[in-house]
Amino acid sequence: MNTPKLNVSGLVKKFGDLEVISNIGVTIGEGEFISIVGPSGCGKTTFLRIVAGLEESSGGEVRIDDTVVKGPGIDRGFVFQNDNLLPWRTVLDNALIGPEVSGGSDAAAKSRTMDLLKLVGLEGFEKYFPRQLSGGMRQRVNLARALAIDPKILLMDEPFAALDAQTREIMQTELIRIWEQGRKTVLFVTHQIDEAVFLSDRVLVFARRPGRIREIVEIDLPRPRNLSLKRTPEFAKYVDLIWGMIEEDVRHSVLVEKE
Ligand SMILES: Nc1ncnc2c1ncn2[C@@H]1O[C@H](COP(=O)(O)OP(=O)(O)OP(=O)(O)O)[C@@H](O)[C@H]1O
Ligand SMILES: [Mg+2]
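Presented here is a report on the structure given in the accompanying data block. (Residues numbered from 1 in each chain as written. Chains lettered and ligands numbered in written order. Predicted model: local features only at pLDDT ≥ 70, side-chain atom pairs only at ≥ 80, totals over all residues. Heavy atoms only, no water.)

**Let's talk about the layout of surface pockets**
Next, step 1: Quantified by volume, the largest pocket comes out at close to 490 Å³.
Next, step 2: Together, 20 residues line the largest pocket, and Arg76, Gly77, Phe78, Gly98 and Ile149 are the ones closest to its centre.
Next, step 3: Listed by contribution, the elements that provide at least two residues to the lining of the largest pocket are β6 (76-79), α3 (97-101) and α5 (135-148).
Next, step 4: For the lining of the largest pocket, the per-class residue count stands at 12 nonpolar, 6 polar and 2 charged.
Next, step 5: Of the residues that make up the lining of the largest pocket, three or more belong to each of domain 1 (1-75 + 154-247) and domain 2 (86-150). (1 Å grid on protein atoms, 1.4 Å probe; cavity = no way out; pocket = protein on both sides within 12 Å on 5 of 7 lines; lining within 4 Å. Points joined across faces, edges and corners; volume = space filled by probe spheres on them. Helix = DSSP H or I, 4+ residues; strand = E, 2+ residues; numbered from the N terminus. Nonpolar A, V, L, I, M, F, W, Y, C, P; charged D, E, K, R; others polar. Domains from an automatic or database assignment.)

Here you go:
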């Protein structure tokens, strides 16, 4: 592993009497791409929100470069499942929200954000409004917005879940391309095991509530990766392995908890 970037130890979260996260500990290296998979309700979003500083833990701590996280900060960018673009702002102005909030929306920030829009494939759409964009394009704006504050850590909660299968695959390759250029530390939550395997250096497999890390699977597949990797037996082996780890938990969360 590279230099440790993010260290989580003894993390516990309770909502009232409900314990949703129980003793999570993990160290993530600088520039590592980590995915989190696990059954619905196992605390993935809660975990990400605690790392983002949007939610307080009930015990344990999250450290970034040895500093304990006490709240949100510009060292972390967040991309949610549903795009939350402001409909009355253009693509560029939406992407500039981060720099604006952190007090740096000057000409330099604007020019850097224009570059980012280019990076995510939105050159020429800077003056469009969200309603004039497809779902995939809106998610690209979201990604550019998270990158605009130049965070060291990118937290992504099912960012492609609302997209159709083809767009989703394109976004996966785009995300890898962008990550290869900047090598941020990424925490990426997904329900798609193949997406997790395709993108990641390691996959954290969460167990059902209270959320814990059941296994950590190292994905030893060569980079750079492209979509043809998904058709190889090595890839399928990882997907089967991880699915085997969570199958029973998923069955339980679908059949028992949802009754
Ligand atoms: N603000 C809150 N108040 C009370 N309970 C909450 C709150 N947020 C989450 N929970 C509970 O914590 C548990 C974990 O929720 P969380 O959203 O983290 O799960 P998840 O793994 O992201 O699920 P999904 O895969 O469906 O998105 C759930 O039982 C949920 O009801
Ligand atoms: Mg969630």
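**Here's the deal with α5**
Next, step 1: The first and last C-alpha atoms of α5 sit 20 Å apart over 14 residues, in line with the 20 Å expected at 1.5 Å per residue.
Next, step 2: Counting buried positions along α5 gives 12 out of 14 residues, so the element sits mostly inside the fold.
Next, step 3: Residues of α5 that are buried: Gly136, Met137, Gln139, Arg140, Val141, Asn142, Leu143, Ala144, Arg145, Ala146, Leu147 and Ala148.
Next, step 4: Close packing links the buried residues of α5 with β6, α2 (91-95), α3, α4 (107-119), β7 (153-157) and α6 (165-182).
Next, step 5: Looking at the residues trailing α5, positive phi occurs at Asp150, about 50 degrees. (Expected span 1.5 Å × (residues − 1). Buried < 20%, exposed > 50% of the residue type's maximum accessible area, 1.4 Å probe, protein only. Contact = heavy atoms within 4.5 Å.)

**Observations regarding the sheet that holds strand β10 (residues 212-218)**
Hydrogen bonds between backbone groups are what pair the strands of a sheet, and the pairing can be parallel or antiparallel.
Next, step 1: Taken in spatial order, the 6 strands make up an open sheet running β6-β7-β8-β3-β9-β10, and their pairing is mixed. Both edges of this open sheet fall to β6 and β10, since each of them pairs with a single strand only. Strand-to-strand twist in this sheet, taken as the mean axis angle between neighbours without regard to direction, amounts to 20 degrees.
Next, step 2: Note that β6 and β7 share 4 bridges and pair parallel. Bridge pairing in β7 places Arg76 opposite Ile153.
Next, step 3: Strands in contact with α5 are β6 and β7; relative to β6, the strand with the most contacts, it is inclined by about 170 degrees. (Pairing = 2+ DSSP bridges. Axes fitted to C-alpha atoms, helices over the stretch in contact; angles between N-to-C directions.)

**Quick word on the environment of Leu54**
Next, step 1: Among the structural elements, Leu54 can be located in the loop between α1 (44-52) and β4 (59-64).
Next, step 2: Residue Leu54 is classed as partly exposed on the basis of its relative accessible area of 39%.
Next, step 3: On a C-alpha basis, the gap between Leu54 and Gly104 in space is 22 Å, while along the polypeptide they are 50 residues apart.
Next, step 4: Not counting residues within four places of it along the chain, the set of residues in contact with Leu54 comprises Arg49, Pro72, Phe78 and Phe80.

**Details of the site of ligand 1**
Next, step 1: In the vicinity of ligand 1, 14 residues are found, and the nearest of them are Ser40, Lys44, Thr45, Thr46 and His191.
Next, step 2: Here Lys44 contributes a side-chain N or O atom positioned 2.7 Å from an oxygen atom of ligand 1.
Next, step 3: Coverage of ligand 1 by the protein amounts to 62% of the 640 Å² it exposes when considered alone.
Next, step 4: Elements that contribute at least two residues to the shell around ligand 1 include exactly β2 (18-29) and α1.
Next, step 5: Among the elements that line the shell around ligand 1, the one with the most residues is α1, at 3 residues.
Next, step 6: Considered class by class, the residues forming the shell around ligand 1 number 5 nonpolar, 6 polar and 3 charged. (Near = heavy atom within 4 Å. Polar contact = N/O pair within 3.5 Å; in protein donor to acceptor, adjacent residues only side chain to side chain. Areas by Shrake-Rupley, 256 points an atom, 1.4 Å probe, with all protein chains shown as cover.)

**Remarks on helix α8 (residues 233-255)**
Every α-helical turn comprises 3.6 residues, leaving residues that sit three or four positions apart pointing alike.
Next, step 1: Taking 1.5 Å per residue, 23 residues should reach 33 Å; α8 reaches 31 Å between its end C-alpha atoms and fits that length.
Next, step 2: The largest bend along α8 reaches roughly 45 degrees and is located at Ile246.
Next, step 3: For α8, the set of buried residues is Phe235, Tyr238, Val239, Ile242, Met245, Ile246, Asp249 and Ser253.
Next, step 4: Packed against the buried residues of α8 are β3 (33-37), α7 (193-199), β9 (202-207) and β10. (Bend = angle between axes of the 7 residues up to and from the residue.)

**Topic: the sheet that holds strand β1 (residues 4-15)**
Next, step 1: Across the sheet, 4 strands lie side by side as β2-β1-β4-β5; this open sheet has antiparallel pairing. Pairing within the sheet leaves two strands with one partner each, and these edge strands are β2 and β5 (67-68).
Next, step 2: Pairing analysis gives 5 bridges linking β1 to β4, with the strands arranged antiparallel. Of the residues in β4, the one forming a bridge with Val12 is Gly59.
Next, step 3: Along the sheet, α1 contacts β1, β2 and β4; its crossing angle with β1, the most-contacted strand, is approximately 120 degrees.

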